[in-house]
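Inside the fold
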Amino acid sequence: MKVNSRDLFYVRYLQLKTSNVRKRDLFALFVLENELFKYYPKTEEKILSKIKLKWLYEETQNKNRNNFILKNFNDSEFIYKNIKNLLDLYDEIIDSDLDNNLISKFKKFNEMFNGFIKCFDLNFSTSYIFQIIYMIYNNELIISSSTYDILTSHFHKNYNKIKRVERVFISLFLEIYPKKKKISKKRYLYYIFKSYI
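Here goes a summary of the coordinates provided. As the structure is a computational prediction, the values presented were derived from the model and not from experiment.

1. A word on the packing of aromatic side chains
The geometry of an aromatic ring pair comes down to the distance between the two centres and the angle between the two planes. Taken as a whole and assessed by the stated rule, the structure comprises 27 aromatic pairs. On the basis of an interplanar angle of 45° and a centroid distance of 5.8 Å, the ring pair of Phe9 and Tyr137 is categorised as tilted. Remark: Tyr137 occurs in helix H6 (residues 128–139) and Phe9 occurs in the segment before helix H1 (10–18); sequence separation between them is 128 residues. For the pair formed by Phe9 and Tyr137, the shared burial category is buried. Pairing Phe9 with Phe169 gives two aromatic rings, centres 5.3 Å apart and planes at 90°, and the pair type is edge-to-face.

The structure is reproduced here in structure tokens:
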């Protein structure tokens, strides 16, 4: 399987390259996650996000193997079921504002996502805090100072449970937000290296 770094967020790409798991399955999950996060409403109406989500649900229901997301997975009933469960929960996330309610919904999403990973017998898991911040960062969403404080609090409480690759990115995000919009790959990798010293 050829993995193009352009297909994935650079944190996920690094995780994929450094994880001792079946790359194809993890890649498929990361592509699904990335596409779902793109569906979160930015400036457009929520209805457009709902339409995109409904389209993907129908594609999954119809087991469309030509779909650019589904083609990465094996053709298996349990996979379609897990994807539909994630889509149902993400539909609720789309309805949530960027506040404490979103965080509780994302915790459930994260549990389900990690449960999906376990179905592949992959020794990998991801943090709900990272997933929330990844979605906020990738979509350049604006969060309130209270949401920022809540995320910071969750980060500090869970610091030791979060893997280094995700922890470094979260730290950088919280440090620069809202002054800067982007974290360069070079800066991110520098801080990964620095974290080992």
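2. A short note on a nonpolar patch on the surface
The grouping of Ile47, Leu48 and Ile51 at the surface amounts to a nonpolar patch, some 290 Å² of accessible area in total. You can see Ile51 is positioned in helix H3 (residues 46–61).

3. A few points about the environment of Ile79
As for its placement among the helices and strands, Ile79 is situated in helix H4 (residues 77–95). The contact partners of Ile79, leaving out residues within four places of it in the chain, are Phe73, Asn74, Phe116 and Phe120.

4. Some thoughts on helix H5 (residues 100–119)
Between the first and last C-alpha of H5 there are 29 Å, a value that for 20 residues agrees with the 28 Å anticipated at 1.5 Å per step. Those residues of H5 not exposed but buried are Leu102, Ile103, Lys105, Phe106, Phe109, Asn110, Phe113, Asn114, Phe116 and Ile117. Packed against the buried residues of H5 are helix H2 (23–38), H4, H6 and helix H7 (145–158). Once H5 finishes, Asp121 follows within two positions and takes phi at roughly 60°, a positive value.

5. Points about the side chain of Asn110
Relative to the elements of secondary structure, Asn110 occurs in helix H5. Classification of Asn110 by relative accessible area gives buried; the value is 8%. Within the structure, Asn110 has its side chain in polar contact with the side chain of Gln131 (distance 3.1 Å). Sequence-distant contacts of Asn110, that is, excluding residues within four places in its chain, are made with Thr126, Ser127, Tyr128 and Gln131.

About the criteria used
One numbering rule holds for all chains: residues counted from 1, following each sequence as written. This being a predicted model, a pLDDT of at least 70 is required before a residue's local features are given, and a value of 80 or more before pairs of side-chain atoms are given or counted; all residues contribute to the totals for chains, interfaces and linings. Based on all heavy atoms of the structure, the side-chain values leave hydrogens and waters out of the count. Stacked, tilted and edge-to-face pairs are distinguished by plane angle, under 30 degrees for stacked and over 60 for edge-to-face with tilted covering the rest, among Phe, Tyr and Trp rings (Trp via its six-membered ring) whose centres lie within 6.5 Å. Helix and strand assignments come from DSSP, with helices taken as H or I runs of at least 4 residues and strands as E runs of at least 2, each series counted from the N terminus. Residue burial is assigned from relative accessible area. The probe radius is 1.4 Å, only protein chains are included, and a residue is buried under 20% of its type maximum, exposed over 50%, and partly exposed in between. Surface patches are defined over residues having more than 30% relative accessible area and no salt bridge, joining like charges when they lie within 9 Å and nonpolar side chains (Val, Leu, Ile, Met, Phe, Trp, Tyr) when within 5 Å. The protein chains shown are the only cover counted for residues, whose accessible areas, like all others here, come from Shrake-Rupley with a 1.4 Å probe. When a carboxyl oxygen of Asp or Glu lies within 4 Å of a side-chain nitrogen of Lys or Arg, that pair is called a salt bridge. Contacts are assigned to residue pairs with any non-hydrogen atoms lying within 4.5 Å of each other. Take the residue count of a helix, subtract one, and multiply by 1.5 Å to get its expected span. Polar contact is defined as a pair of N or O atoms within 3.5 Å, subject to the rule that within protein one atom must be able to donate a hydrogen and the other to accept it, and that residues adjacent in sequence are counted only when both atoms are side-chain atoms.

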